[in-house]
Structures are given as structure tokens and as C-alpha cells.
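Fold and geometry: a report
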Amino acid sequence: MAIQGPISIGFDQVFPHGCYLVGEVQQVKDFDASTNGRTVYAKDKTTGLPVWQVSVVDADPEAKASQKSVTVKILTELQPVPPPPLPGLPFTPVEFDGMTVTPYVGQDSGRLAYSLRARAMRAPRTAATSTKHTTTSASASAKDATTSKEIAA
């Protein structure tokens, strides 16, 4: 079979409505290698990079309640730093780069499940800063001002 290991996937395919941080970034423990009093942290088998994890809430309004909270593992040498919270929002919006998905069958449920991994975490791109829409900061500011006026009206 041609597909072996994690499958590359875009953030927009996993979270088309976006996602929000609901937990702290934590380093993943390697429970098999850890002993009483000695904690060993997990490393990715392919890259050798430390594995970190963060819980996010999927913003998809049609997602089942049991599928709303998802853990994303991040492979990076240094602890990922979440983007700053946005004023007026109870949760911090976030996006992930270099995402992969690995399907597996859950041992407890016998159902198909997915492991999500990423190489980086960052603040969401706005339409003005997206790579699809290149604009100058002056025109972006003008668009933001227009949008603010339309919302206030």
C-alpha cells in the first residue's frame, strides 16, 4: 500500500470553522519509559522531536458534543507558545501548520479514531494577511475600518 504513516492534511480540512484553545500546552509523558520518581517525555518516532499537546474546541456548529474537544499534538523542539487572547472572546482562536492525521481503531471503543499532529501553532490568519490575499498594511487598515463601521451600523 502506498500510504504508510501519517497523512498530510490542511488545517482548513480538519477545522473548516476554526478552533479555539481550551487548555494549556503540555509536554507529553512517555508512560512506558517513565518510572516512579523519574518522568520521561515522549519523542516522535520519526523526527525525534519532543511531543507537546493542547486541547482545542472545534468551532463546527454541527459537530457532536462528544467530538467538540480534540487534542492536537505538536512536534517541536521548544514548547509552543499560544497566540495572545483576543479582547472580547472567551477562548483564544488558533491555527496549526504542517498538520497530519493518523487513523487508528480505538482499543476501548473499537471505532475508527484519528490522531492529529502539527509542526506549529499560531494565531489565525485574517483575510488581509492571508497568503491568498496580499494587501498593503494601509489598505488592510482601511478594510478593517470599513468592516468596523459596517458592523457598528
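Overview of the structure.

What counts, and where the lines are drawn
- Residues numbered from 1 in each chain as written.
- Predicted model: local features only at pLDDT ≥ 70, side-chain atom pairs only at ≥ 80, totals over all residues.
- Heavy atoms only, no water.
- Helix = DSSP H or I, 4+ residues; strand = E, 2+ residues; numbered from the N terminus.
- Buried < 20%, exposed > 50% of the residue type's maximum accessible area, 1.4 Å probe, protein only.
- Contact = heavy atoms within 4.5 Å.
- Areas by Shrake-Rupley, 256 points an atom, 1.4 Å probe, with all protein chains shown as cover.
- Salt bridge = Lys/Arg side-chain N within 4 Å of Asp/Glu carboxyl O.
- Polar contact = N/O pair within 3.5 Å; in protein donor to acceptor, adjacent residues only side chain to side chain.
- Core = buried A, V, L, I, M, F, W, Y, C linked by side-chain atoms within 4.5 Å.
- Pairing = 2+ DSSP bridges.
- Phe/Tyr/Trp six-rings, centres within 6.5 Å; stacked < 30°, edge-to-face > 60°.

Counting its secondary structure elements, the protein contains two helices and nine strands. The buried share among the 153 residues of the protein stands at 27%. Contacts spanning at least 24 positions in sequence make up 61% of the contacts within the protein whose residues lie at least 6 apart. Just so you have it, the protein exposes about 10800 Å², and 54% of that area is on carbon and sulfur atoms.

A word on the pattern of salt bridges. Inspection of the entire model under this criterion finds three salt bridges. Asp-44 is the salt-bridge partner of Arg-117, the closest N and O atoms lying 2.7 Å from each other. Placement of Arg-117 in strand E8 (residues 112-118) and of Asp-44 in the loop between strand E3 (26-27) and strand E4 (51-58) is noted, with a sequence separation of 73 residues between them. Classification of Asp-44 by relative accessible area gives buried; the value is 12%. With a closest N to O distance of 2.9 Å, Asp-97 and Arg-122 form a salt bridge. Pair noted here: Asp-97 is in strand E6 (residues 92-97) and Arg-122 is in strand E9 (residues 120-122), with a separation of 25 residues, a long-range link. Since its relative accessible area comes to 25%, Asp-97 is described here as partly exposed. Using a relative accessible area of 17% as the deciding quantity, one classes Arg-122 as buried.

Let us now look at the side chain of Asp-44. Of the polar contacts made by the side chain of Asp-44, one reaches the backbone nitrogen of Thr-46; its length is 3.3 Å. If near-sequence neighbours (up to four positions away) are discounted, Asp-44 is found in contact with Leu-49, Val-51, Leu-75 and Arg-117.

Membership of the largest hydrophobic core comes to 19 residues, with the highest contact counts inside it found for Phe-15, Val-54, Val-56, Phe-96, Met-99, Leu-116 and Met-121. Secondary structure elements with two or more residues in this core: helix H1 (11-14), strand E2 (19-21), E4, strand E5 (69-75), E6 and E8. Dropping the residues within four chain positions of it, Met-99 is found in contact with Ile-7, Ser-8, Ile-9, Phe-11, Val-14, Phe-15, Leu-116, Arg-117 and Ala-118. Core analysis: the second largest hydrophobic core is formed by five residues, Val-28, Ala-42, Leu-49 and Leu-75 among them.

Before going further, it helps to examine the pairing of E6. The element E6 is extensively covered by neighbouring structure, given that five of its six residues are classed as buried. The pairing of E2 with E6 spans three bridges and is classified as antiparallel. Looking across to E6, one finds that Cys-19 is bridged to Val-94. Across three bridges, E6 lies against E9 in antiparallel orientation. Bridge pairing links Asp-97 to Ala-120 in E9.

All right, on to the side chain of Asp-58 then. In this fold, Asp-58 is placed in strand E4. A polar side-chain atom of Asp-58 sits 3.0 Å from the main-chain amide nitrogen of Asp-60. Not counting residues up to four positions away in its chain, the partners in contact with Asp-58 are Val-14, Phe-15, Gly-18, Cys-19 and Lys-68.

With that settled, consider the packing of aromatic side chains. With the rule as written, the count across this model stands at two aromatic pairs. The interplanar angle of 45° and the centroid separation of 5.5 Å between the aromatic rings of Phe-11 and Phe-15 together place this pair among those described as tilted. The same class applies to Phe-11 and to Phe-15, which are both buried. Their ring planes at 45° and their centres at 6.4 Å tell us that Phe-11 and Phe-96 sit as a pair that is tilted. A residue pair is termed long-range when its members are at least 10 positions apart, and Phe-11 in helix H1 and Phe-96 in strand E6 qualify at 85 residues. For the pair shown, Phe-11 and Phe-96 are each scored as buried. Connected via pairs of aromatic rings, a cluster forms that spans Phe-11, Phe-15 and Phe-96.

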